[in-house]
Amino acid sequence: MKFASLGSGSKGNSTLVQHGDTLLMVDNGFSIKETDKRLQRLGVVATDIDAILVTHEHSDHVCGVARFAKRYDIPVWASHGTSKMIKKLDSINSFNSHQSFNVGDFIVEPIPVPHDAREPTQFAFKSNELKFALMTDTGSVTQHMVDALTDCDALLLECNYDRDMLLNSVYPESLKRRVMGDWGHLDNQQAIGLLQRLNTDNLQHLVLAHVSEKNNSHDLVLDSVSAAIQCDRAWLQVIDQEQGLDWCSVKQN
Ligand SMILES: [Zn+2]
Ligand SMILES: [Zn+2]
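Let me begin by describing the structure that accompanies this report. (Residues numbered from 1 in each chain as written. Chains lettered and ligands numbered in written order. Predicted model: local features only at pLDDT ≥ 70, side-chain atom pairs only at ≥ 80, totals over all residues. Heavy atoms only, no water.)

With respect to the pattern of salt bridges
Next up, step 1: Evaluation of the coordinates by the stated rule reveals nine salt bridges.
Next up, step 2: Arg-38 is the partner of Glu-34 in a salt bridge, and the nearest nitrogen-oxygen pair spans 2.8 Å. Of the two residues, Glu-34 and Arg-38 both sit in helix α1 (residues 32–41), four residues apart, roughly one turn of that helix.
Next up, step 3: Looking at Glu-34, the relative accessible area reads 21%, which means it is partly exposed.
Next up, step 4: Judged by relative accessible area, Arg-38 falls into the buried class, the value being 3%.
Next up, step 5: In this structure, the salt-bridge partner of Arg-233 is Asp-219, at a minimum N-O distance of 2.8 Å. Taken as a pair, Arg-233 in the loop between α9 (218–229) and β13 (237–238) and Asp-219 in helix α9 lie far apart in primary sequence, 14 residues in all.
Next up, step 6: Taking the relative accessible area as the measure of exposure, Asp-219 reaches 48% and is therefore partly exposed. (Salt bridge = Lys/Arg side-chain N within 4 Å of Asp/Glu carboxyl O. Helix = DSSP H or I, 4+ residues; strand = E, 2+ residues; numbered from the N terminus. Buried < 20%, exposed > 50% of the residue type's maximum accessible area, 1.4 Å probe, protein only.)

This is the structure:
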């Protein structure tokens, strides 16, 4: 199994995960031109993609989905609630947020999360005993998230903001309250708190994502996470908004 990112942050998110003959895209917050350019960087052509799964309807995740899916005739999957919010597509495969389903070689497990969208889900992808999960855009940590993310072989996790930086930022008070609220985003310490509740014995890759360009920094994320979970700083990766993340292989033990 392997995964990569076209970019992550408030200006656009998109993740790829591949196993066997199946290549899935999660979200697309980029234009067609930008998507094609970023796919090329990863050695992928759009027509290789078997399906696009959408986490929720916020524009940094969905603004490129409909046009890209139509251009290359790629099926789209989203929860019932998210499907209703994607208006520019004639057909969407809706799934029940509480039930796993198959797409190609993957078992996809939706993970409902507290976030200010209609029916947001994040995902765990399972294949051949391997589990890769991604978790961005959640305002708080639920027991259900802990159960769904434990025992991963690879994890992509939101470290959105540093609390002090956000509090001291020029953001309007209403936006600060939204980001910090239970249906907003995870700060570095909340992400660390979540990590500390997981069994990470099998974890081959820990990738930090959706890092705010204004209220956080890659160094701060790397320093705080490596200190808290006592891992080598160089083992961690942070996804860059522009550069994305190169392919990471997840190997069978
Ligand atoms: Zn987002
Ligand atoms: Zn969001």
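The rest of the description comes next.
Quick notes on the state of the cysteines
Next up, step 1: For the coordinates displayed, the defined rule picks out zero disulfides.
Next up, step 2: Free cysteine: Cys-152, not disulfide-bonded; nearest cysteine sulfur from Cys-248 at 14 Å. (Disulfide = S-S within 2.5 Å.)

A closer look at α1
Next up, step 1: Those residues of α1 that fall on the buried side of the exposure criterion are Ile-32, Thr-35, Arg-38 and Leu-39. Seen from one end, α1 has its buried residues packed into an arc of 130°, which puts them on one side. Seen from the open side of α1, the exposed residues pointing more than 90 degrees away from its buried face are Lys-33 and Gln-40.
Next up, step 2: In the segment just after α1, Gly-43 is the residue with positive phi, at about 75°. (Arc of directions from axis to C-beta.)

Focus on the pairing of strand β2 (residues 14–19)
It is a general feature of regular strands that their side chains alternate between the two faces of the sheet.
Next up, step 1: In terms of residue burial, β2 counts as a mostly covered element, since five of its six residues are buried.
Next up, step 2: The sheet contact formed by strand β1 (residues 2–7) and β2 spans five bridges and is antiparallel. Counterpart to Ala-4 in the pairing with β2 is Leu-16.
Next up, step 3: Following β1, the chain reverses through six residues before pairing antiparallel with β2; Gly-9 in that reversal takes a positive phi of roughly 145°.
Next up, step 4: In terms of strand pairing, β2 meets strand β3 (residues 22–26) through five bridges, oriented antiparallel. Bridge pairing links Leu-16 to Met-25 in β3.
Next up, step 5: With antiparallel pairing between neighbouring strands as the criterion, β2 and β3 make up a hairpin whose turn holds two residues, including Gly-20 at a positive phi of roughly 55°. (Pairing = 2+ DSSP bridges.)

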